Amino acid sequence: MIKYVLLSLFIVLCSFTASAQQFLLTGRVTDANGKQIGFAAVYIKNSTYGTNANEQGVYQLKLDPGSYNIVYRFVGYKEMTEKVTISDRNVVHNVAMTDETYVLRKFSIIKGQPVDSAVGMVQKAIARRQYYIHQVNSYSCLAYIKGVQKLVSAPKSLMNPNVANALSIDSTGKGILYQTESVSNFSFKQPHKFKEAMVSSISAGQNAAFSYNKASDLSANFYEDILMVPGLSSHGFISPLAGNALHYYDYFLVGSKIENGIIVHKIYVSPKRPHEPVYTGYIYLVDGDWRIYSVDLMLTNKANKLNLIDTLRISQEYVPIRDSAWEPLSIQYKFNGNVLGFKFEGYYLGIYNNYKLDPPFPEHFFNGERMRIDTNAKSQDLSLWQDIRPVPLTAQENKDYANKAELATLKKAMQNFDEEQGRRNHFNILPYIPFGYKTVYKKGKDSVYYFPFLQTVFYNTVEGGGLNLKLTYIHSLDTLRFFNVTPNLRYGFADKLLSANVRSEYNYDPYNQGKFLFGFGSDILDLNNVGTRSVYFNTLSTLLGGDNYVKYYRSEFINGGFQREIKNGLLLKADISYAQRTQLYNNSGYSFASKHLTSNNPLAPDTVPTNDRSFLFPKNQALTLTASLTYTFDQEYITRPTGRQFLTSPYPQIKLTYRKGISGLLGSDVDYDFASLELYQEHLNNGLVGFSSFKLEGGDFFNHNWLYFMDYNHFLGNVGTTFDPTPGSFHFLPFYTYSTNGPYFEGHFEHNFSGYFFGRVPLLRALKLDEIIGVNFLTTNATRNYSEFYVGVQRLIFRVDYGVSYAGSRKYLQGFRIFYGIK
């Protein structure tokens with residue numbers, strides 16, 4: 001692996017930097033009045049080697065001795081070609097670009113339609129877009145990605161030394177929040193196969209907004225119908241050259257010019273109707289070929305309902321690679337925004353060099369790995385990056401790197417001191433209550449997480465008031481492997497039962513999701529193993545509402561488990577457990593509400609709640625084997641030094657589960673066989689109209705000689721005003737009533753329109769609400785055709801739904817359900 005990284009780095013140095021015989025061509029790009037032109041494209045004519053100027057118009061190219069025709073391009077200015085000779089020294093060559101001049105041509109009229117009008121030109125480009133999408137079957141190139149996020153002003157009322165230090169800005173509220181650079185070998189093959197090997201990267205600061213630090217993040221192709229902007233919108237935007245673009249855009253021909261013997265047409269594009277998911281700006285088309293020469297397009301929060309930012313400007317320059325094949329030389333996403341008075345701006349720049357068309361990729365090269373980041377790729381060596389970066393730093397960026405590198409060195413040196421460790425582990429009571437508290441030791445190798453107060457103190461009708469003391473200790477063995485141990489003590493003051501258990505997990509192969517699991521002890525568990533209400537919500541509902549929703553039993557257990565990917569996309573899980581299960585009864589009936597509390601037997605809830613002895617099951621032993629296979633179609637992932645990050649697949653996942661109650665061994669009382677098949681997709685992109693999720697599951701106990709209620713198949717129901725929006729959950733289904741020991745089928749579908757309709761209503765547009773519709777269905781051998789229909793609105797983590805449910809043809813329940821980030 002080390003040899004691979006060193007070889008890759010050597011290739012980068014040869015591609016981006018100077019050898020002993022190379023010299024530096026530098027200069028500044030300005031307009032005719034001497035004003036800097038930031039991010040102008042600079043490249044060698046008839047080659048794919050080039051760069052971009054930095055924000056202040058300064059550029060640099062490393063060249064062998066010789067004569068070169070250097071091309072300078074930027075939208076809005078006339079393209080320049082300058083002959084530069086490199087002999088035995090560095091050369092400074094400044095250029096002053098002039099405004100582009102376009103002239104209108106006379107139109108040819110055929111059947112009353114001007115075929116050389118903007119619409120006619122766009123129609124020709126649309127007719128050829130499929131050809132350009134598939135023209136190049138595969139290529140590889142060297143990609144350089146640079147991103148900068150700056151804070152340009154902050155409200156004085158919120159600025160103090162602590163805020164300034166946390167954001168690494170000055171006292172006036174200005175400074176660089178985050179900057180990053182990376183160099184990668186980028187490969188592409190039709191259709192839509194990408195692979196990126198990050199050779200080197202550097203970053204400084206905190207990523208305060210969103211990040212496009214991969215070459216594939218910036219691979220916008222305006223020949224496609226729909227372009228997604230990840231992180232800024234959950235729906236896509238229609239390209240000005242989409243197949244149906246004429247329905248959404250108006251086109252105006254600004255004029256035409258001749259560049260290097262080709263005619264380039266500048267066309268202004270604008271939406272036919274306000275608040276459509278479209279761009280505003282300019283596209284530049286090559287006459288005759290009707291291909292993209294460059295684009296300069298804009299999205300705005302006001303018109304397009306963007307998240308986090310106010311404007312996004314996308315600029316892209318194409319150059320010929322070979323014959324008639326053109327590919328992007330550079331692309332830039334430039335943005336600005338305002339959050340709570342904090343005004344920020346920034347950009348992400350992608351430069352693509354040394355294209356090789358139709359390279360001989362090895363067999364199985366495109367194997368689902370979208371990106372690989374090696375352990376040695378992340379380099380904070382400023383001197384190394386001084387040699388390999390193609391875009392020179394501005395003075396502000398250079399100073400920011402140096403300051404943050406010095407600060408990082410100081411923090412690293414202080415890690416061995418107790419006061420630094422104590423500062424990092426400072427306890428804050430308010431975050432601890434809902435989120436818990438984490439301490440870190442031994443330079444991050446060890447950590448302890450204390451579970452939140454809301455999960456520590458509880459009340460229910462079985463245990464009365466109680467304490468649930470729980471923490472997790474995590475130890476890193478190296479950059480990949482780690483294990484954790486979670487001890488748990490639980491005591492109920494009414495039933496006077498002390499439960500103690502330990503669960504542990506050893507992640508031995510994060511690249512393949514490989515882990516071992518082990519646990520033993522005693523615990524108080526929910527009869528519905530899918531889950532009902534959290535400890536916190538059940539405590540509130542019992543004390544304040546008189547609704548003791550969760551029904552408990554006691555388990556004394558030992559279990560072990562294993563999981564690992566057999567091949568990419570195919571995950572095997574197996575678990576075996578032995579448990580003694582004991583029925584529990586109500587021992588406390590306190591509530592502030594006058595409402596009648598129910599029994600701890602979910603099948604006889606209306607018996608006397610306090611000290612009831614309604615029989616549900618006898619004390620029993622169960623030896624249970626559970627195994628599952630989950631297959632993700634076309635699974636893609638990013639390989640990091642710490643393991644794999646799995647990306648959302650555009651295709652569904654399928655899961656086969658088998659559960660066996662083994663009789664006879666170790667006195668086990670259970671004897672059953674259960675199997676289920678599940679097809680689900682949590683995020684199915686639907687382009688302009690948002691995204692969907694669905695889940696279809698069916699199963700049966702094809703042997704149910706002997707099993708108990710906790711062995712039944714249970715469902716993710718909901719009782720109460722709050723609900724869990726997890727795909728596969730119900731809004732009104734009782735937690736235990738529909739649990740079954742026979743065949744069943746459940747289906748769930750939900751669609752989020754991502755503001756598609758509300759964005760057209762003036763009063764609702766500013767709220768940035770997402771519209772949601774959904775349906776849930778369940779049928780079992782005992783209860784047929786339960787269904788739910790609902791609509792809702794969502795903003796960030798806040799969501800309100802209104803739905804109605806039916807038990808068969810009879811209306812069951814209806815009402816509002818809310819979610820606010822806590823389950």
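Residues numbered from 1 in each chain as written. Predicted model: local features only at pLDDT ≥ 70, side-chain atom pairs only at ≥ 80, totals over all residues. Heavy atoms only, no water.

**A short note on the overall build of the chain**
Here is step 1: Secondary structure assignment for the chain yields 10 helices and 43 strands.
Here is step 2: Here the C-alpha atoms of the chain give a radius of gyration of 31 Å, agreeing with the 28 Å that 2.2 N^0.38 yields for 823 residues.
Here is step 3: Reported as C-alpha extents along the three principal axes, the dimensions of the chain are approximately 95 × 75 × 60 Å.
Here is step 4: For the chain, the accessible area works out to roughly 37800 Å², and carbon and sulfur atoms hold 58% of it.
Here is step 5: Treating the 81 positive side-chain charges of the chain as one cloud and the 69 negative ones as another, the clouds have centres 2 Å apart. (Helix = DSSP H or I, 4+ residues; strand = E, 2+ residues; numbered from the N terminus. Rg over C-alpha atoms; globule rule 2.2 N^0.38 Å. Areas by Shrake-Rupley, 256 points an atom, 1.4 Å probe, with all protein chains shown as cover. Lys, Arg positive; Asp, Glu negative; His and termini not counted. Charge placed at Lys NZ, Arg CZ, Asp CG, Glu CD.)

**Section: unusual backbone geometry**
Here is step 1: For the peptide bond that leads from Gln190 to Pro191, omega is -10 degrees, which places it in the cis range.
Here is step 2: For Pro191, the location among the structural elements is in the loop between strand 12 (175-189) and strand 13 (193-205).
Here is step 3: Of note, Phe39 is a non-glycine position whose phi angle comes to about 70 degrees, a positive value.
Here is step 4: Tracing the backbone through its elements, the reader meets Phe39 in the loop between strand 1 (23-31) and strand 2 (41-44).
Here is step 5: Unusually for a residue other than glycine, Lys305 sits at a positive phi of about 55 degrees.
Here is step 6: Exposure remark for Lys305: the relative accessible area of 15% places this residue in the buried category. (Buried < 20%, exposed > 50% of the residue type's maximum accessible area, 1.4 Å probe, protein only.)

**With respect to a nonpolar patch on the surface**
Here is step 1: The grouping of Phe453, Val457, Leu467, Leu469, Leu489, Phe493 and Leu498 at the surface amounts to a nonpolar patch, some 630 Å² of accessible area in total.
Here is step 2: Topologically, Val457 is positioned in strand 26 (residues 457-460).
Here is step 3: For Val457, a relative accessible area of 37% corresponds to the partly exposed category. (Patch = residues over 30% accessible without salt bridge, like charges linked within 9 Å, V, L, I, M, F, W, Y side chains within 5 Å. Salt bridge = Lys/Arg side-chain N within 4 Å of Asp/Glu carboxyl O.)

**Section: the confidence of the model for the chain**
Here is step 1: On average, residues of the chain score 88 in pLDDT, and 90% of them reach the 70 mark or higher.
Here is step 2: The spread of mean pLDDT over the elements of the chain runs between strand 9 (residues 109-110), the lowest at 44, and strand 32 (residues 570-583), the highest at 98.
Here is step 3: In this model residues 16-20 is a low-confidence stretch, pLDDT under 50, and it forms 17 contacts with partners more than four residues away in sequence or in other chains. (pLDDT = per-residue confidence, 0-100. Contact = heavy atoms within 4.5 Å.)

**A word on the side chain of Glu327**
Here is step 1: Tracing the sequence through the fold places Glu327 in strand 21 (residues 325-339).
Here is step 2: Not counting residues within four places of it along the chain, the set of residues in contact with Glu327 comprises Val136, Tyr139, Glu317, Tyr318, Val319, Ile321 and Tyr355.

**So, the nonpolar core**
Here is step 1: Grouped together as the largest cluster of nonpolar side chains are 118 residues, with contacts concentrated most on Ile267 and Leu312.
Here is step 2: Examining the composition of this core, we find that nine residues originate from one element, strand 22 (residues 342-357), more than from any other.
Here is step 3: Setting aside residues up to four positions removed in sequence, Leu312 forms contacts with Val229, Leu232, Leu297, Met298, Leu299, Leu306, Tyr333, Lys334 and Phe335.
Here is step 4: If you look at the next biggest cluster of nonpolar residues, it comprises 31 residues, including Tyr712, Phe715, Tyr736 and Tyr786. (Core = buried A, V, L, I, M, F, W, Y, C linked by side-chain atoms within 4.5 Å.)

**Section: the pattern of salt bridges**
Here is step 1: Applying the stated criterion to the full structure yields 33 salt bridges.
Here is step 2: Residue Glu276 is joined to Arg760 by a salt bridge in which the shortest nitrogen-to-oxygen separation is 2.9 Å. Highlighted residues: Glu276 in the loop between strand 17 (262-271) and strand 18 (280-286) and Arg760 in the loop between strand 39 (744-752) and helix 10 (762-765), separated in sequence by 484 residues.
Here is step 3: By relative accessible area, which is 8% here, Glu276 ends up buried.
Here is step 4: Asp289 is the salt-bridge partner of Arg291, the closest N and O atoms lying 3.8 Å from each other.
Here is step 5: Note on Arg291: relative accessible area 3%, which makes it buried.

**Remarks on the sheet that holds strand 2**
Here is step 1: One open sheet holds the four strands; their spatial order is 3-2-5-6, and the pairing between them is antiparallel. Sheet topology places strand 3 (50-52) and strand 6 (80-86) at the edges, where each strand pairs with a single neighbour. Taking the axes of each pair of neighbouring strands and ignoring which way they run, one obtains an average angle of 25 degrees across the sheet. (Pairing = 2+ DSSP bridges. Axes fitted to C-alpha atoms, helices over the stretch in contact; angles between N-to-C directions.)

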